[in-house]
Each structure stands twice: as C-alpha cells, then as structure tokens.
Amino acid sequence: MLFSDLARTFDRLESTTKRLEMTTILADFLRTADHDSLRDIAYLAQGKLHPDFHPQVLGMSDRLILKAVSKSSGYQENVVERMWIESGDTGTVAEKLMDGEGVVKGGSKQTSLDSLFEKPAPRKRQMSFEDMGIMESESSGLDVSEVMGGLRRIEATDGKRSQEGKINELMSLLKRATPVEARYICRIATGRMRVGAGDMTFLDALGEAFATKEDRPDIERAFNITCDMGLVAETIAKGGMDAIRAVSVSVGNPVKVMLAERLPSIPELVEKFEGRCAMEFKYDGIRIQAHISRDSVKLYSRRLEDLTPNFPDVARFLRSRCRHDEAIVEGECVAIDPETGFMLPFQHVTHRRKKHGIDDAVRDIPVRMFMFDMVYADGEDMTMRPYLERRRALEEGFDLGGMIQMTTMRVVESEEEGEEFFANAVTARCEGIMAKSVASNSVYKAGNRGFLWIKYKKDYQQALTDSFDLVVVGAFYGMGKRAGKYGALLMAAYDSEKGMFETVCKLGTGFDDAFLEYMPTLLNGNLCREMPRSVDAEMIPDVWFEPTVVMEVVAAEITLSPIHTASKDVYKNGAGLGLRFPRYTGRLRSDKDPEQCTTVTEIGDMYERQTHDSDGLSETGDEE
Ligand code: AMP
C-alpha cells in the first residue's frame, strides 16, 4: 500500500472541518486500502505508531527534525529555521524544501524565503480520488509499512548517539518522500499530526466503508473494550461485523472507563433511580484499572497511561490476593496518612507519579485501593452483567484486606437513607458519593457517560457553584500585576457529537502567584499558530493551545452568551452557553484526557436545571 495514497488522504482531510466530509474522505480511502496495511493506517491517521495505551516515545523535537530537513534538502540550517519560525510547522517546511530525490526545489539554495512561501510545492488538495491514476507518478514508491518501520526505528533509537541515529533514520525517509509525504512524516515524528479526524470520525468511516449504520454501536464497543483502533480496523476489514461482535475484553488491552453523570441533589438522584439504587463513597484519589494475569500485573490510568511503575506495591498486592488467574478490576487509589490512617486528599497520591525515588515514595506515601468494579475474570467478559453481580464477583475474587478493600456501599431506598449515606461519606473525608443503578440493565458501559452512574459531590452543596473540568484552548497576555505572564485563559468544554472543543469562559480568577509563574511551563508545549482544528471559538485569545490541559473550574451560574460557542444556537439563536464568575479551584485534572472533560451536553443539562432566571444575554466570565 503506497504511503502517497494515505498522505493525499490526510491532505484532503485537512481541506475540510466538516465531520461528515471527513468521514466520507476516510471511508473512500479505507475501502480501497490493502487490508494488511489497515492496522498501520489506523495508527498513523491519529499520528501514532501504536494503540493509545502504548507509551508514545517518538516525539522528536522540532530542532532535530529541522536538522534532518536541512541535511536532506541541502538548505542551510538557518534558512530552514527561519522558515520554521514563519510557519510554525516542521511539516510545512519539509514540504516546501523537499522533492522526491532529496534535491532542492525552486532553483538555487539562496532562494529567498518569500519566494519559497509564494511558490508552494504543488498541493493536491483539489484532486479527487478519481484523479488518482494521474497522480501515480507523484508517488515516491514509499510503502505504508516502510514509513511505519522507519518511524518505529526512530522511536527505538536510544543511547549515546541517539540524536544522530534519529536524524539519519528520518533523512532516509525524507530523501525518498514526495513533498506531501514529507509534510506528514515530519508531523507524525513530532507527535503533532493534527488532521482533525478524531477517534469518532475514524469509527464512523470504518462503519461507512465496511458495515451499515446500525452496526456503528458495535464497532464503537469493540474500540471501547480494546482501546486499539488498529485492531478494530483490521478486524472489520478482514472479518466483517461477525468478527467485530466477537471482539472481547482481554487482559492487556485497557477498557475505556465508564463515566458518571451528575445531579445537583440527593432527592433528584434517588428519584432518577426510581427510589432504589446503590450508593458508594466517592474516594478522592486516582482511578486505576488493574490487568492481572498469571504472573504479572499492569495498572492503567483512565488516560491509559501505565501507572505500574508508580504503584509497584499495589500491583504485587493485587496479584498475591487475587483468586483468579486473570482479572480486570477497577478501583480508586487513595493516599493514607501513615500516622492517623485517615485518607488524604488527591494531591498526596499524585506524588506517587514522580518517576524518581519511587522507593521512597512507596515508603512515605502508603496507599489503599478501594475497588469498585470487575469487568473480566478468567475468560469471562463481565461488562454485560448487572452491577450487583459484578460487585459480588469482585468481592469473591479477592482475599480482601490490607492494601485492597471494597468501596463502602449501601443499597438505599429513600431520600433519607441517601442523605445519611452522603453525610457518612463526607465524615469519612470522601468527595461525595457515586450512586449506581441496580437495575437488570446496569451493565458496565465502557467509554460511556450515562445515568447508570451518577456522582454527587460535596462541592455541589455550596450555593450557586458547580464544578467543571474544562480544557485550556488559549491564553490572553496579562496586564498590570500580571504583565509578562498569561493573565487569563480561554476554556472549553467538549462536544462529543461534533468532536470539537467549544468555549465556555475566559478564566482569570483563582490563580495564585506560583500558578501564574508555572503557566508557561504547563501550557507552552501545546502552543499553536492558529486556532486548532478541533476548537470552535469566536473569542480570539493572544495565543492558541492544542486542547490538552484540563483544569477544574467552579462558576456561579451558566448563562446565555453571545461570544461563547458551547451549544451555540441550541437555547437561543446567536447565543451559546457561558460560565459566570468562573474560578480555578487549584486542581489540575492531569488524570483526564481532554475528551474526558465536562461536555457541552452536561453543561446544557445543568443550564436547563438552573432554577434562577438566565434569560439575559450577557457576556460571561471575562473578569480578571
Ligand atoms: P469525576 O472525576 O469527578 O468525573 O468523578 C468520577 C471519578 O470518581 C471516577 O473516574 C473515579 O476515579 C472516582 N471514584 C471515586 N470513587 C468511586 C466509586 N466508588 N465508583 C466509581 N468511581 C469512583
């Protein structure tokens, strides 16, 4: 399978922001793709070399890439660097400077920068797939598997002379690549692919290419229980929907975690469950999904990071106390005060994240895992079994005690019982409660937020405030005391239907001096020249960021806003939803992926539930 066909598809994807068009472009390509290349194609389309849960270590620095571009094109490093400063994208620079044989395009190497930008290398954006025959001659002959192989070698190059080794590997790809191919090879090598087609669009495209509309939920489920787009793509292409339905939960492939909805009071929550539900303490720690096999254990975070090195004691303990050969269980890992035995707030357990000195951290920060679900045991996928059965299986599957315990749970049958349980949770220093359906359909919905689980936190009790996990998409330079720093941030919620981040507030409150200092370090790795393709904003910040960092924010109220784009035109034409008086709580949600932040639907639901008047059109959240 020629890499040029894939690169041209990426180029076409970049020409639109409309999800339906992207889906069709991808589906047309996937239909023609060679089945043995589909796994690689699925990873490369996300700018990755492996499934999401595999640690990505490719991320070459821009400087290293510029060196390789300079050496392969013959242009001096300072020229290449100036072009990069102007365009901000190593891919664009490589595209302008490279041709198929690695010789300079556009005449002499003294060519001015202006002329290079004025006369871009021919783009194939307008080319349709029917034209592909004509473009055959534009292919470098590079195969998808060769590009994947080269990039994986770059990733694997390690040790003393690794920089040189990485540059040489990249050069050998670039020397053969066409300009468009060079653009994407460089972007993948930096880890910033940005063609804008996310997981949901890719799943839509697989459905359009190989199945029917009705099959779409089953395709998504296969992805949610394996977190491996390559596996799903190859399976559907080779074995159709029968093979997709046979995909099962297995140890080693993290399952996308089930998420909870929220409601603002215990009575509403009990009513939602028609008077009967289970309530568990909501612990304030790090969620862990443990994959236990006969002789090893892997611990994954909800962002699919491998946390085993941070909790080696928990991994060992789980193995020694598990009565199954294989199991996948979930729980919340909480730091414990070694002197009092009380649970400590979330921040403490994050010290276990420090890679260095983990032995000291294990000694100084003891933890306990409060287990709350079991999704697999000895060959059985338990996700479709109801909650109470899964919980029983979890309890019976372990020799509990010491570092592992069950979450405190009670089945409640009235508001009063619910309020009492919540008060107990707060006394025990928990964040609140998780209410869970006990109905026969109370399955484990991998990767889904729904009303089978509902959270209720003590924060919600404070008048007029509710907490949101929002993603930073931009920043405004500060003035006065904040001159020379970022003064405020542009924050967005996620629209899972559109796969877009839509703005809800300008956040300038709740930052202490240390955080103001730290902001550039936290955010500048995600700087973008222009509005990222996955962001929809009308308020224009001084700088843009690729949506990555999630922060917890409280606000007084949700109002209609003419400037924010969340749920634009849904509640009123020309208005979106915005947050009034937003304030950073001081809690970075580094455990959440941007797609796991508060959704615009959740904000819409909260807006509808707001009892006080919110008819007035007011710009929200722009005070510093
Ligand atoms: P939030 O992070 O506020 O969206 O709340 C959901 C998170 O609460 C989950 O991802 C878990 O990490 C955590 N959690 C704490 N206790 C429980 C519990 N008993 N059941 C499920 N999740 C829990």
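Quick notes on the rules
Residues numbered from 1 in each chain as written. Predicted model: local features only at pLDDT ≥ 70, side-chain atom pairs only at ≥ 80, totals over all residues. Heavy atoms only, no water. Helix = DSSP H or I, 4+ residues; strand = E, 2+ residues; numbered from the N terminus. Buried < 20%, exposed > 50% of the residue type's maximum accessible area, 1.4 Å probe, protein only. Contact = heavy atoms within 4.5 Å. Areas by Shrake-Rupley, 256 points an atom, 1.4 Å probe, with all protein chains shown as cover. Pairing = 2+ DSSP bridges. Patch = residues over 30% accessible without salt bridge, like charges linked within 9 Å, V, L, I, M, F, W, Y side chains within 5 Å. Salt bridge = Lys/Arg side-chain N within 4 Å of Asp/Glu carboxyl O. Lys, Arg positive; Asp, Glu negative; His and termini not counted. Charge placed at Lys NZ, Arg CZ, Asp CG, Glu CD. Near = heavy atom within 4 Å. Polar contact = N/O pair within 3.5 Å; in protein donor to acceptor, adjacent residues only side chain to side chain. 1 Å grid on protein atoms, 1.4 Å probe; cavity = no way out; pocket = protein on both sides within 12 Å on 5 of 7 lines; lining within 4 Å. Sits in = over half its atoms within 2 Å of the grid points. Expected span 1.5 Å × (residues − 1). Core = buried A, V, L, I, M, F, W, Y, C linked by side-chain atoms within 4.5 Å. Arc of directions from axis to C-beta.

**Q** Pulling in residues and values, what's your account of the overall build of the chain?
**A** Scanning the chain for helices and strands turns up 22 helices and 21 strands. In the chain, which comprises 624 residues, the proportion classed as buried is 55%. Counting only contacts in the chain whose residues sit at least 6 apart along the sequence, the fraction spanning at least 24 positions is 74%. In the structure as shown, the chain presents an accessible area of about 26,000 Å², 49% of it carried by carbon and sulfur atoms.

**Q** I'd like a rundown of the pairing of strand β10 (residues 432-436), residues and numbers included.
**A** Summarising burial for β10: 5 of the 5 residues are buried, a large majority. The pairing of strand β2 (residues 277-282) with β10 spans 5 bridges and is classified as antiparallel. Paired with F281 across the two strands is I433, which belongs to β10. Note: β10 against strand β11 (residues 449-457), 5 bridges, orientation antiparallel. Bridge assignment links I433 to a residue of β11, and that residue is Y456.

**Q** Go over a negative patch on the surface, please, and point to the residues and values.
**A** A cluster of acidic residues, E268, E271, E415, E416 and E419, forms a negative patch on the protein surface. Residue assignment for the negative patch shows that the elements contributing at least two residues are α15 (266-272) and α20 (415-427). With 3 residues, the top contributor of residues to the negative patch is α20. In this structure, E419 sits in helix α20.

**Q** Tell me what's going on with the site of the ligand, and back it up with residues and numbers.
**A** In the neighbourhood of the ligand, 16 residues make up the surrounding shell, with E280, R287, R302, E332 and K455 lying closest. The contact in question runs from a nitrogen atom of the ligand to an N or O atom on the backbone of F281, over 3.0 Å. Here an oxygen atom of the ligand sits 2.5 Å away from a polar atom, N or O, in the side chain of E332. Under a 2 Å grid-point criterion requiring more than half of the atoms, the pocket assigned to the ligand is the largest cavity. Sorting the residues of the shell around the ligand by element identifies β2, β10 and β11 as the ones contributing at least two each.

**Q** An account of helix α2 (residues 19-32) is needed here, citing residue identities and associated values.
**A** Along its 14 residues, α2 runs 20 Å from first to last C-alpha, staying within 8% of the 20 Å computed at 1.5 Å per residue. Within the span of α2, buried status applies to M22, T23, I25, L26, A27, F29 and L30. Those residues of α2 that are buried lie in contact with α1 (3-14), α3 (38-45) and α12 (199-210).

**Q** Requested: an account of the nonpolar core, with residues and values cited.
**A** By size, the foremost hydrophobic cluster in this structure holds 91 residues, and its most contacted members are F3, V69, L151 and I185. Excluding residues that lie within four positions of it along the chain, I185 makes contacts with F3, L142, V147, L151, L170, L173, L174 and A177.

**Q** Explain helix α9 (residues 144-156) to me, and be specific about the residues and the numbers.
**A** With 13 residues, α9 extends 18 Å from end C-alpha to end C-alpha; this agrees with the ideal 18 Å at 1.5 Å per step. Of all the residues in α9, the buried ones are V144, V147, M148, G150, L151, I154 and E155. All buried residues of α9 project into a common sector of 160° when viewed along the axis, lining one side. Those residues of α9 that are buried are in contact with α1, α3, α10 (162-174) and α11 (179-190).

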